[in-house]
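One-letter residues, chain by chain:
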Amino acid sequence: MTKQPENTAEGQGWLNALFRSRETSLVLLIAVLTAVTTTLNPRFLSPQSLKDLMLNVSIIALLVLGQTVIILMRQIDLSISSIVGITAFLSGTLFINHPGISGYVVIAIAVLTGLLLGAVNAALIAWGKIPALITTLGTLYIFRGANYAWVHGRQVNAVNVPGSFLAIGTSTVAGVPILTWIVLILLILFSIGLRQYRAGREYYAIGSNPNAAVLAGINVSRRIAIGFIISGAIAGLAGALWLARFGTVDATAAEGIELTVITSTVVGGVAITGGVGTVVGAVLGALLLSVFSSTLVFLRVPSFWQQAFQGAMLLVAIAADAYLAYRHALRSRVKWSHV
Amino acid sequence: MTRIPLMRTIAVVCSLSFLGTIGFAQDKPLKKDLKFTVIPKNINNPYMVIQSGGATDACKELGIEGKVVGPSETGASAQVPYINTAITQRQNAILIAANDPNALVPYLKKAMSQKISVVTLDSDTAPEGREIFINQASAEGIGQSLVQTLAKQIGSSGDFAILSATPNATNQNTWIKYMQQELKKPEYKEMKLVKIAYGNDEDQKSFTETQGLLQAYPNLKGIISPTSVGIAAAARYISTSPYKGKVALTGLGTPNQLRQFVKDGTIKEFELWNPADVGYLAAYAAAQLASGNIQGKEGETFAAGKLGTRTVGKDGVVLLGPPTVFNADNIDKFNF
Amino acid sequence: MSEGQSSTRRLVRRVSWETILALLLVLALVGGAVLNKDFLTAENWANLLANFTEIALMALPLSLIVITNEIDLSVASILGLSSSLLGALWQYKLAMPLVLVTCLVAGALCGWLNGFLIVRFRLPSLAVTIGTLALFRGFAYIILGDKAIADFPSEYAEFGIGVVPNTFIPTPFVLFIVLALIFWILLHHTTIGRRIYAIGGNPTAARFSGINLNRLKLLLYVASGLISALAGIVYTFRFSSSRADNGTGFELSAIAAVFLGGVTVQGGKGTVTGVVLSLLLIGIINNMLTLADVASEILRIVTGSLLIVSVLLPNLIAKTRESWRLMRRQREIARLGSAS
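Note that this is a predicted model, so its numbers are computed, not measured.

## What about unusual backbone geometry?
Positioned with a positive phi, A:Ala174 is a non-glycine residue whose angle comes to about 55 degrees. Looking at where A:Ala174 falls in the secondary structure, it is placed in the loop between strand E1 (172-173) and strand E2 (176-177). A positive phi angle is found at C:Arg122, which is not glycine, with a value near 50 degrees. Tracing the sequence through the fold places C:Arg122 in the loop between helix H5 (96-120) and helix H6 (125-144). On the basis of neighbour count, C:Arg122 is assigned to the exposed category, with 12 C-beta atoms found within 10 Å.

What follows is the structure, encoded as structure tokens:
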């Protein structure tokens, strides 16, 4: 009697439910939080605070896109905050030193710089075979140190940046800031890329079972390298958009943001052990964290409770992930034994 | 031996002392080959850069070797290694803007026991940790004038908040204390301080804290931000939001950063002093201390180059002078 | 046979790394003395050692945890929590010994929470300790808020900044020396130490050999929490300042020191000697650069580079050895082929 392959319609249905359940539960949580906060403080849904919320989430959501690709492969990228810091200041310096330069050119240069920095990570990890945790920890230090040395006590002020560029962070189209539109478009691209294209599926494969991926003929080193280059490029874009959003950049820009990004990604259903999760979920995770912080602010909870809550949320998310995976493993084992 | 006629002696002495009180003359000689270490709160802070620059300018004038070293974070302990290094290098004076009033005292005391003069500027430590403190303006004066400025703009009634820097910064807490004292006066009984938020002197955090204040307190009428990073971030947020013109913003900030916000109406009035002058005065005071010409006692005077003669006040505090008020009328005159 | 060969090779490699570190250390000492006349003074060394006492303390149990193929990123947050608790309790003027014990117990409990989640629920340690990093730091803020407590009794403050009489060893550093000795004996001369290596090097075999993996791992996390809390106490007294943000970012330095000391991410390898040597090396380099008035940002770049190089170098050496072996094998085959 042939064993039932796991990828039956029923198995797939369960798998889909697993993915769906994370996204739906995130959406539900966000809805509940919004409802509760709005009843207690109606300003929560005012156009200004919604705009603030969208702007606050957008940069994190952008970084989450890159980090998802990385974590899917069971890797990690801690250096993104330093890359954002460098490209944010670089973008500002370009405007100062080359007045009249086009915003598109600045963004292109920022993305390119991020890409190059990401390539450093890629080379060390894929070729030098240094574990991602150590590499990106080292580059986190090195890039940030270089950033400090370069910026020193200077800063870019909003007055140095052309209004048209700052408008990315302030003007809206159909009530949604341009910055957020950029992130939404990228979200759709990433989502399609990861799901429908073979290259995208490779990220999942490498994370689920690296050995099997090698045996299946996937060039694992190259895929990992490309992943880190993408993460770097995204961080570069985020740097340019950081300048548009905040207008002022100094040496400490984006410091510490990597932990928020990783927390958002894991809360959003991308398991830290790799192979599971979607970009949509990850962005919803970022949104949930942002809405949650906003809720605390609106309810006048002292801001120092926020960190404890964030930590607790991450722990709950990991435990939930593990539980769901355990349940799934149990189910498939039961199916096997029937045959 | 010829005796010099008495009148001529008196004349010479009088003219010499007259000459000594104008311009750049130093009345008492300084020790040679002095070496100073300037330790700002953190080295990436633009305000600190201006201040340290003033100190190093003064050092150049006096022929002193001055250098600026410091941490990139504003933690209490981050400045300690630099104090220790200065002791090891046997510097003659340490000029420091303290991140914490108490954590540095044991190390500064060690420095003083090794004959290193310690001058604090901008943000003080406990008095036993230093000999002289250069205060940019009377703390009481700053607190009072900020409250008065805001009261004028919101009609002395309504809720307001304070956006400060780091929670432990000595200067911030002293000014806030005087603000709260001023608020107790009967003319401000309609004004209520609803929250003190901390932006940690970080632009992004100050930005989001301002957001938070306006979201959580719908009736907020004004914000006082006695920190240049804070007021600049708050101004940027408010000027692109529907609160512009409805929520008054004032505080301490640099003209260059805030010029556009004064012009577009986000800020009516704010104040500051020249941070470079604070550093400049600190270096001159340290030079006199290191040469043994003054001890930091009340009543002593010393020459401070282009800032004229200065007197040491109570507890070794030297005041720079009253702050300048900036508004649309005079903001274009300044460049710092 | 190959097993024995690879374990000898592993032993050779292990010894080599410590030797490399020792050589670098000597180089750094010589360099420091030559570049700066004040480097070899007792005063400078007191500062040097005092500066990394807390990180050194945290690095000890952390290295054992990394050997078992796990990680603990929450150490600095436990330091901060312990410091906040110390200040908060001291405000109520409780007896200091009682306060100190409470802080240590709190640290052990934090470590227990880490261990519980990681061992009992088999959650990935990287993610869990990222979560507890935020959680424990959050607790520190909840306990102390934005305040700073400063007025500690002078005998404790003196302990914090004093030195052992007639030496340059700071008094808190003695704690590190004692603990380093204990850990060294534990790891290299007891069965527990062998078990720790087994868990990291060959977890399946370890499980089948009857070791209670879970309990040992849990104990390691509790030890990490306890010693991080101790580091928090030391820090508070060194600066007479209890603040919720004390020690922020220290975990990265501790981890860098552990990896630089030869403990690999895959687990199963590394020595206490190596970690102690790497702590000293990083401490000396930091001190040299500060004495030379090098900006603090350069220190960051140096630490990051050391971290990467410490792993890159052995990998490159291994790769070259591999390719040499391949070349030798090919030559042998060619020789055998031509002989027949």
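Past the structure itself, the notes keep going.
## Focus on the sheet that holds strand E6 (residues 157-164) of chain B
All names here are of chain B. Spatial ordering of the open sheet is given by E7-E6-E8-E9, a layout of 4 strands whose pairing is parallel. The two strands at the open ends of the sheet, each matched to only one other strand, are strand E7 (190-198) and strand E9 (248-251). Taken over all neighbouring pairs, the strand axes of this sheet differ in orientation by 25 degrees on average, direction set aside. Packed on one face of the sheet, helix H5 (residues 139-154) meets E6, E7, strand E8 (220-225) and E9 and runs near 165 degrees to E9.

## Let's talk about the interface of chain A and chain C
Between chain A and chain C, the residue contacts involve 36 residues of the former and 38 residues of the latter. When contributions to the side of chain A that touches chain C are tallied by element, the ones reaching two or more residues are helix H5 (132-151), helix H11 (257-267) and helix H13 (305-338) of chain A. A class-by-class count of the residues in the side of chain A that touches chain C yields 24 nonpolar, 10 polar and 2 charged.

## A look at the confidence of the model for chain B
On average, chain B scores 87 in pLDDT, and the residues at 70 or more come to 92%. Within the model, pLDDT remains below 50 along residues 20-26 of chain B, and this stretch shows 7 contacts once partners closer than five positions in the same chain are excluded.

## Digging into the packing of helix H4 (residues 75-91) of chain C against H6(C)
Residue and element names in this part refer to chain C. One way to put it is that H4 packs onto H6 with a least axis distance of 8 Å and a crossing angle of 15 degrees. The orientation of H4 with respect to H6, classified from their angle, is roughly parallel. Of the two elements, H4 crosses H6, and the hand of that crossing is left-handed. The residues of H6 that touch H4, namely those facing Ser77, Ile78, Gly80, Leu81, Ser84, Leu85, Gly87 and Ala88, are Thr132, Leu133, Phe136, Arg137, Phe139, Ala140, Ile143 and Leu144. Taken together, the residues that form the contact of H4 with H6 break down as 10 nonpolar, 5 polar and 1 charged.

About the cut-offs
Residues numbered from 1 in each chain as written. Chains lettered and ligands numbered in written order. Predicted model: local features only at pLDDT ≥ 70, side-chain atom pairs only at ≥ 80, totals over all residues. Helix = DSSP H or I, 4+ residues; strand = E, 2+ residues; numbered from the N terminus. Buried ≥ 20, exposed ≤ 12 C-beta atoms within 10 Å, placed from the backbone. Pairing = 2+ DSSP bridges. Axes fitted to C-alpha atoms, helices over the stretch in contact; angles between N-to-C directions. Contact = placed C-beta atoms within 7 Å. Nonpolar A, V, L, I, M, F, W, Y, C, P; charged D, E, K, R; others polar. pLDDT = per-residue confidence, 0-100. Parallel < 35°, antiparallel > 145°, perpendicular 65-115°, else oblique. Left-handed = near helix turned anticlockwise from the far one by under 90°.

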